Amino acid sequence: MRRRRFIELSALSLTLAGLYLKTMVPAVHHRLHALIFDLGAGMGARELVPDPELLPVRGQVVVAVNPGLTDFFVGEGSDAGEVTYLFPHGATVVLGGTQQAGATVTRPDPATAADILARCAAVQPRLAGARVLAHRVGLRPVRPQVRLEAQAGSDGRFVVHNYGHGGAGVTLSWGCAQDVAREVGRLLGSAAGGV
Ligand SMILES: Cc1cc2nc3c(=O)[nH]c(=O)nc-3n(C[C@H](O)[C@H](O)[C@H](O)COP(=O)(O)OP(=O)(O)OC[C@H]3O[C@@H](n4cnc5c(N)ncnc54)[C@H](O)[C@@H]3O)c2cc1C
């Protein structure tokens, strides 16, 4: 029942948004078509923007069968490029990891995976011999600070930048999405006001 109500409310919101756009679009059309929304290209922004301040910090993890763990653990490794953590996700557990500044190889390294398994088993002995399901690598898009702002191009177009979240992009995504929406609203508002 609550799910149905949620769907109805979502549909209502979309309808209202559609009506709003139908009313607003003729007024702002000549500016609206010129807006570009960059909703986050991650490391791709380094070339797209371009932005040399954006640097990759490589992370490798191992996904294994969860031997029944319910508590997570996060601890520093012995070297700056290591961070040891384990996050149970029901039937599986994510074991980490690395934070290798400047490294761009997205292929999992077997020696690193073995090291991650050994470090995690040292923290939680029940992980020794855990069946490995997958190896994953990602590049954290690190910047001295997140870039979330509109930039006007010389041709009257706008880019709303939203990148550089480093190792916290999932956590920050809701707040940043709201800020992007606010920025887009501000641009649409000034476009409407300017006609
Ligand atoms: C091992 C690891 C562990 C992490 N753990 C956490 C965590 O616990 N909590 C947390 O909050 N964050 C964590 N992060 C960080 C998080 O994953 C990132 O901050 C987040 O993914 C950044 O989001 P984004 O949308 O900016 O970039 P991305 O997720 O990289 O998405 C960018 C998208 O843009 C696309 N793209 C790029 N260039 C182009 C182009 N030229 N044209 C078209 N498309 C393009 C890409 O294909 C991709 O789909 C972790 C990262 C790693 C690697």
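Nothing here was measured: the structure is a model prediction, and the numbers come from that model.

## Quick notes on the overall build of the protein chain
Alright, step 1. Of the regular secondary structure elements, the protein chain holds 4 helices and 8 strands.
Alright, step 2. Going from the N terminus to the C terminus, the protein chain shows its helices and strands as α-β-α-β-β-β-β-β-α-β-β-α.
Alright, step 3. Taking all 195 residues of the protein chain together, 19% fall into the buried category.
Alright, step 4. For the protein chain, the share of sequence-separated contacts (at least 6 apart) that also reach a separation of at least 24 residues comes to 68%.

## Side note on the site of the ligand
Alright, step 1. Taken together, 19 residues lie around the ligand, and G42, G44, G59, G138 and G169 are the ones closest in.
Alright, step 2. Listing elements by their share of the shell around the ligand, those giving two or more residues are β2 (55-65), β7 (132-152), β8 (158-165) and α4 (169-193).
Alright, step 3. Its residues placed into classes, the shell around the ligand shows 7 nonpolar, 11 polar and 1 charged.
Alright, step 4. Split by domain, the shell around the ligand shows at least three residues from each of two domains, domain 1 (2-54 + 144-191) and domain 2 (55-140).

## Points about the nonpolar core
Alright, step 1. Residues V61, V62, A64, L86, V93, L95, I116, C120, L127 and A130 constitute the largest nonpolar core, which totals 10 residues.
Alright, step 2. The biggest single contributor to this core is β2, with 3 residues.
Alright, step 3. Ignoring sequence-local partners within four residues, the contact set of A64 consists of T92, V93, L95, L127, A130, R131, V132 and L133.

## Observations concerning the environment of A101
Alright, step 1. In this fold, A101 is placed in strand β6 (residues 100-101).
Alright, step 2. With 44 residues separating them in the primary sequence, A101 and V57 have C-alpha atoms 4.2 Å apart.
Alright, step 3. When near neighbours in sequence (up to four residues on either side) are disregarded, A101 contacts L55 and V57.

## A closer look at the pairing of strand β4 (residues 82-89)
Alright, step 1. Direction of pairing for strand β3 (residues 73-76) relative to β4: antiparallel, over a ladder of 4 bridges. Each residue of the ladder has a partner; that of F73, found in β4, is L86.
Alright, step 2. Pairing of β4 with strand β5 (residues 92-98) involves 6 bridges; the strand directions are antiparallel. Across the sheet, E82 pairs through a bridge with T98, a residue of β5.
Alright, step 3. Once β4 ends, the chain turns through 2 residues before running back antiparallel as β5, passing G90 with a positive phi of about 65°.

## Focus on unusual backbone geometry
Alright, step 1. Between V49 and P50 the backbone carries a cis peptide bond, its omega angle lying at -10°.
Alright, step 2. Following the sequence through the fold, P50 ends up in the loop between α2 (45-48) and β2.
Alright, step 3. A cis geometry characterises the amide bond from G96 onward to G97, with omega recorded as -10°.
Alright, step 4. Take G97: it is sitting in strand β5.

## Points about helix α3 (residues 110-123)
Alright, step 1. For α3, built from 14 residues, the straight-helix expectation of 20 Å at 1.5 Å per residue is met to within 8% by its first-to-last C-alpha distance of 20 Å.
Alright, step 2. Taken residue by residue, α3 has T112, I116, R119 and C120 as its buried positions. Seen along its axis, α3 keeps its buried residues to an arc of 95°; they face one direction. Exposed and oriented more than 90 degrees from the buried face of α3 are P110, A111, A114, A118 and A122.
Alright, step 3. Where α3 is buried, its residues meet β2, β4 and β5.

## Structural notes on the confidence of the model for the protein chain
Alright, step 1. Looking at the protein chain, the pLDDT average stands at 83 and 77% of residues meet or exceed 70.
Alright, step 2. Predicted confidence for residues 1-30 stays below pLDDT 50, and this span has 8 contacts to residues more than four positions away or in other chains.

Rules behind the numbers
Residues numbered from 1 in each chain as written. Predicted model: local features only at pLDDT ≥ 70, side-chain atom pairs only at ≥ 80, totals over all residues. Helix = DSSP H or I, 4+ residues; strand = E, 2+ residues; numbered from the N terminus. Buried ≥ 20, exposed ≤ 12 C-beta atoms within 10 Å, placed from the backbone. Contact = placed C-beta atoms within 7 Å. Near = placed C-beta within 6 Å. Nonpolar A, V, L, I, M, F, W, Y, C, P; charged D, E, K, R; others polar. Domains from an automatic or database assignment. Core = buried A, V, L, I, M, F, W, Y, C linked by C-beta atoms within 7 Å. Pairing = 2+ DSSP bridges. Expected span 1.5 Å × (residues − 1). Arc of directions from axis to C-beta. pLDDT = per-residue confidence, 0-100.

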